[in-house]
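Listed here are the chains, written in short residue letters.
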Amino acid sequence: EAQVTQNPRYLITVTGKKLTVTCSQNMNHEYMSWYRQDPGLGLRQIYYSMNVEVTDKGDVPEGYKVSRKEKRNFPLILESPSPNQTSLYFCASRRQGLGQFFGPGTRLTVL
Amino acid sequence: AQKVTQAQTEISVVEKEDVTLDCVYETRDTTYYLFWYKQPPSGELVFLIRRNSFDEQNEISGRYSWNFQKSTSSFNFTITASQVVDSAVYFCALSEIQGAQKLVFGQGTRLTINP
């Protein structure tokens, strides 16, 4: 089954404790991206990757890092999480010219 | 810069009524994609439709229909004979056709269908 998976689905952590949210897709898509969803703001792009070893900033990259060492994986790293990063995070992937497939979402709370 | 506006924050109707969700966009690109996504209470994002800017034909899929009007920069979504299962947050989005194709989302419209 074609899908985008994210782990963990729910995470409660404390300020400053490094964390990684994993994202994996099994569709051999070149393009992957991360979005955060906040009430009243819709979804905003954090980072995206056009292919392996090619990443770039989206609209709200501050406080986040990404890497793309393999085509299927695109982890999101919060090196020192802060409460304003409490949000619902979505990973997405797509093949050139097609619509984006979204993962199930990761609900992160930073205390 | 690209922008998508969904002026209706919340809509509540009774089952079987028709309902239209409005979407207005801004872009300097001459070609672009427009999308609608559904986010049910379970939280996932469900792709509904993608429309190319150079194809202004309206589209119907079962009880769903979309009205694209380039002259008014609008891409409205109508649900006919609404059902309780249609209750969700609906997002309109815009992307460039070339390059990174970043999705720019509207703020979303929360639709509640009451029995």
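Values in this document were obtained by computation on a predicted structure and should not be read as measured data.

Caption draft 1: Representation of the overall build of chain A. Each helix and strand counted, chain A has zero helices and 11 strands in total. When the helices and strands of chain A are listed from N to C terminus, the series reads β-β-β-β-β-β-β-β-β-β-β. Its C-alpha atoms give chain A a radius of gyration of 13 Å, near enough to 13 Å, the size a compact globule of 111 residues would have. Overall size of chain A, expressed as C-alpha extent along the three principal axes, is 40 × 25 × 25 Å. Counting every position in chain A, which comprises 111 residues, the buried fraction comes to 50%. Long-range pairs, those at least 24 residues apart, make up 52% of the contacts in chain A between residues at least 6 apart in sequence. Surface accessibility of chain A: about 5,300 Å² in total, with carbon and sulfur atoms responsible for 51%. Of the side-chain charges in chain A, 14 are positive and 9 negative, and the distance between the mean point of each set is 4 Å.

Caption draft 2: A look at unusual backbone geometry. The omega angle of the peptide bond from asparagine 7 of chain A to proline 8 of chain A is -5°, so this bond is cis rather than trans. Turning to its location among the elements, proline 8 of chain A is positioned in the loop between β1 (4-7) and β2 (10-13). The residue glutamate 53 of chain A is not glycine, and still its phi comes out positive at about 65°. Its relative accessible area of 62% is what places glutamate 53 of chain A among the exposed residues. We note that lysine 16 of chain B has phi near 85°; this positive angle belongs to a residue other than glycine. On the secondary structure map, lysine 16 of chain B appears in the loop between β2 (10-14) and β3 (19-21).

Caption draft 3: Fine view of the nonpolar core. One finds Trp36, Trp66, Phe75, Phe77 and Tyr90 of chain B to be the most contacted residues of the largest nonpolar core, which totals 25 residues. Only β2, β3, β5 (32-39), β6 (46-52), β8 (64-69), β9 (74-79), β10 (88-96) and β12 (109-114) of chain B provide two or more residues apiece to this core. With four residues, β10 of chain B is the largest single contributor of residues to this core. Here tryptophan 66 of chain B is in contact with Trp36, Leu48, Ile49, Asn58, Glu59, Ser61, Phe75, Asn76 and Phe77 of chain B, once residues within four sequence places are set aside. With 19 residues, the next largest nonpolar core counts Leu19, Met32, Trp34 and Tyr64 of chain A among its residues.

Caption draft 4: Structural context of the pattern of salt bridges. What the rule picks out here adds up to seven salt bridges over all chains. A salt bridge links arginine 36 of chain A to aspartate 38 of chain A, with the shortest nitrogen-to-oxygen separation between them at 2.8 Å. You can call arginine 36 of chain A buried: its relative accessible area is 9%. Aspartate 38 of chain A sits in the buried class, given a relative accessible area of 10%. Taking the shortest distance from any N to any O, the salt bridge between aspartate 86 of chain B and arginine 63 of chain B comes out at 2.8 Å. On the criterion of sequence distance, the pair formed by aspartate 86 of chain B in the loop between β9 and β10 and arginine 63 of chain B in the loop between β7 (59-61) and β8 is long-range, its members being 23 residues apart. Owing to a relative accessible area of 1%, aspartate 86 of chain B belongs among the buried residues under this scheme. Look at the salt bridges and you will find they share partners, linking Lys18, Lys65 and Glu79 of chain A into a network.

Caption draft 5: Just the layout of surface pockets, in detail. What the largest pocket holds in volume is close to 560 Å³. Lining the largest pocket are 26 residues, with Gln37 of chain A together with Gln39, Val89, Phe91 and Arg110 of chain B sitting closest to its centre. For the lining of the largest pocket, the secondary-structure elements that each account for two or more residues are β4 (31-38) and β9 (87-94) of chain A together with β10 and β12 of chain B. The leading source of residues in the lining of the largest pocket is β12 of chain B, at four residues.

Thresholds applied
- Residues numbered from 1 in each chain as written.
- Chains lettered and ligands numbered in written order.
- Predicted model: local features only at pLDDT ≥ 70, side-chain atom pairs only at ≥ 80, totals over all residues.
- Heavy atoms only, no water.
- Helix = DSSP H or I, 4+ residues; strand = E, 2+ residues; numbered from the N terminus.
- Rg over C-alpha atoms; globule rule 2.2 N^0.38 Å.
- Buried < 20%, exposed > 50% of the residue type's maximum accessible area, 1.4 Å probe, protein only.
- Contact = heavy atoms within 4.5 Å.
- Areas by Shrake-Rupley, 256 points an atom, 1.4 Å probe, with all protein chains shown as cover.
- Lys, Arg positive; Asp, Glu negative; His and termini not counted.
- Charge placed at Lys NZ, Arg CZ, Asp CG, Glu CD.
- Core = buried A, V, L, I, M, F, W, Y, C linked by side-chain atoms within 4.5 Å.
- Salt bridge = Lys/Arg side-chain N within 4 Å of Asp/Glu carboxyl O.
- 1 Å grid on protein atoms, 1.4 Å probe; cavity = no way out; pocket = protein on both sides within 12 Å on 5 of 7 lines; lining within 4 Å.
- Points joined across faces, edges and corners; volume = space filled by probe spheres on them.

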